[in-house]
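# Observations on the model geometry
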Amino acid sequence: MRNLMLNIILLALFLSSHIAYSQPDTLWSSRISASTMSPVIYGAVELSNGDFALAGDGFPTVGTDIMLVARMNASGGVVWSRTYGQPPCATFAVAELPNGNLFVSGWGDNGANVLLLGLSAAGDSLWSRTYSSDGLTRSYDMIRLQDGNFAVIGYRLGADGQHSDLWLLKCNASGDTLWTRSFGGNDTDIGYRIVEQADGSLVIGGYTRSIGAGDYDMWLLRLSPTGDQLLSRTFGTAAYEVCYGLSNGDSVLYLCGRTTPGGSSHGYMAKTTALGDTLWVRTYTQGQTDEQLRDVVAKQNGGAMCVGWSATTVDARQFWVLSVDANGVDEWNWTYGPTGSSFYGIIPVNSGGHLAYGQIQEGTQRKGYVLRMSSPRGIVGTVREVISHAPIVGARVGVMGYPQYAVTNQEGFYRLVLPAGTYNAMAYGPCVSRDTVFSVVVPADTVVTADFEIGFPHYVPMHSSINAIVQNRIISTMPLRIVNSGTGAMEFGVACEAISPPSDWLSVLPDTGLVQPGDTLVAQVQFSPDTTDDGQFDFYGLLQIRTNSC
């Protein structure tokens, strides 16, 4: 046996990976504009072919309001936009008939009349109907019922000749009256939203000053299919509460609007059973003094998503989107847009996600605004250092088997959009350890929370080379110490290359592994030289050690 000299050079390299960033969950936005108008969108409906019909006000200034109806395709392209009636008048709701024609509700004569319009799919006027009382008469919402008729909700002058009553009209597809109902007391009562339940009963969201806890209160009415009152509930405090939005969920109802404690205005929500029994009532704020939730849609997980605005003054309003879970806990908030921008409504889209609409201020011009959003879904949370609990900036959060990741911000917060499914979520990145949360269930249209704690591994180089004298044709080993002096688990991998002679005489066991903080792993460098006594007794090789340490 001859002794052989083996020289092994060690290189310590940083482990890294590259995958794509996650995309925003907005799909497109579109505008309705004209040099002679400053449109605002108050109502929308998805049409049977995937287009959208929009209803609003072409010039929302005292005395110049004009009924506005527009049609957009599924990508946000404006197909047509037209105005109707004589100012002042405006539209608030639009629905589609089985033949593709449109049914539009609004008000005219400066609020003295309720106006109904029949339009063709191209926007041509087919018919109109007017309903009035001895005082102000307005409609704010309208739905197509299961029986093919329509329910229109608003208010008209009450029996006392001084205050308004909530007013409900049921009519056929040509606007002919089938019956009307009024509800109210000795003060002002307004109907603002209406939905139909599976059994044909009607639920109305509005506000009342005739009953309740103080000034105006949110008002929930449940009626039989023939308009008989089945239930009346109010939600409020001694302050001023108003209901602007109402949505059917899975055996629940959501109402949204505003409350005005101490002169400020904040978002206000109530959740009830389908029969109107209160589950919770909550106030929401972004810390501003002019905040309103104007509409709400129920999500599949029992939570809800609302839109409105948040600002300190009317001119400073910004779009506000709020998502809450089934208990009303704030999942996420989003305020954006130029000042002077407001959302007035939101609808679900059959292909998934939502369509929000309102008005945007761009330069000196106000425009009708529509935003197409994908479903709020995925995981959110924070990534913090395991010892100090300080937020980690720039960490990546991804899930196994999905080619996208999110990056944490200055607060260590991330948001990763995902389709419904069950995931093993990981936090990782340059110079940090990994943390995994297993079996994270993401239902459809849901945001769930997953928090991570990761550390900073630190590789201590113990060798620059390994020199060994071993016997020929004898398997020999030498220790390779891999030390982690950091606060996070250190991943390592060792690649072996036998340079001279090129063969398989060099290996390491184990060649991959994990070293916990403060620990040392001793790997074995294995030599298996085999020479034919040709005079070559010096062997050279390369070990490349890769870690997630910087």
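Figured I'd write up the structure that's included with this text. Not measured: the values here are computed from a predicted model. (Residues numbered from 1 in each chain as written. Predicted model: local features only at pLDDT ≥ 70, side-chain atom pairs only at ≥ 80, totals over all residues. Heavy atoms only, no water.)

### Focus: the overall build of the protein
As a reminder, the rule being used: Per the convention used, a helix needs a DSSP run of H or I reaching at least four residues, while a strand needs a run of E reaching at least two, with both numbered from the N terminus. In this description the radius of gyration comes from C-alpha coordinates, and the expected globular size is given by 2.2 Å times residues to the power 0.38. Under the scheme applied here, a residue whose accessible area is under 20% of the maximum for its type counts as buried, over 50% as exposed, and between as partly exposed, the area being computed with a 1.4 Å probe on protein chains only. Residue contacts are defined here by distance: any two heavy atoms, one from each residue, within 4.5 Å place the two residues in contact. Per-residue and other accessible areas were derived by the Shrake-Rupley procedure at a 1.4 Å probe size, with only the shown protein chains allowed to occlude residues. Counting rule for charge: Lys and Arg are taken as positive, Asp and Glu as negative, and neither His nor the chain ends is counted. One atom stands in for each charge, and that atom is NZ of Lys, CZ of Arg, CG of Asp or CD of Glu.
When helices and strands are tallied, the protein shows zero helices and 46 strands. The C-alpha atoms of the protein give a radius of gyration of 33 Å, which is well past the 24 Å a tight globule of 550 residues would have. Along the longest, intermediate and shortest principal axes, the C-alpha atoms of the protein span 115 × 50 × 45 Å. Within the protein, buried positions represent 53% of all 550 residues. Put simply, of all contacts in the protein between residues at least 6 apart along the chain, 52% involve residues at least 24 apart. Counting every atom, the protein has about 22400 Å² of accessible surface; 50% of that belongs to carbon and sulfur. The centroid of the 31 positive side-chain charges in the protein is displaced by 3 Å from the centroid of its 47 negative side-chain charges.

### What to know about the state of the cysteines
Applied cut-off: Defined by distance alone, a disulfide is two cysteine sulfur atoms within 2.5 Å.
By the definition in use, this model includes one disulfide. Across the disulfide from C431 sits C550; the S-S distance is 1.4 Å. Taking the torsion about the S-S bond as the criterion, the C431 to C550 disulfide, at about -60°, is left-handed. Of this pair, C431 sits in the loop between β35 (421-428) and β36 (435-442) while C550 is found in the segment after β46 (538-547), placing the two residues 119 residues apart along the sequence. Free cysteine C171: the closest other cysteine sulfur is in C89, separated by 18 Å. Of the residues examined, C171 reaches a relative accessible area of 0% and is grouped as buried.

### What to know about the packing of aromatic side chains
What counts here: Aromatic rings from Phe, Tyr and Trp, with only the six-membered ring used for Trp, were paired whenever their centres fell within 6.5 Å, and each pair was classed as stacked if the ring planes differed by under 30 degrees, edge-to-face if by over 60, and tilted otherwise.
One pass over the structure, following the stated rule, counts 23 aromatic pairs. Pairing W334 with Y336 gives two aromatic rings, centres 4.3 Å apart and planes at 15°, and the pair type is stacked. The exposure class of W334 is partly exposed, given its relative accessible area of 26%. Judged by relative accessible area, which is 17%, Y336 ranks as buried.

### Describing the environment of G429
Along the polypeptide, G429 turns up in the loop between β35 and β36. For G429, a relative accessible area of 13% translates into the label buried. Along the primary structure G429 and R396 are separated by 33 residues, whereas in three dimensions their C-alpha atoms are 5.4 Å apart.

As far as function goes, none of this settles anything; it's purely spatial.
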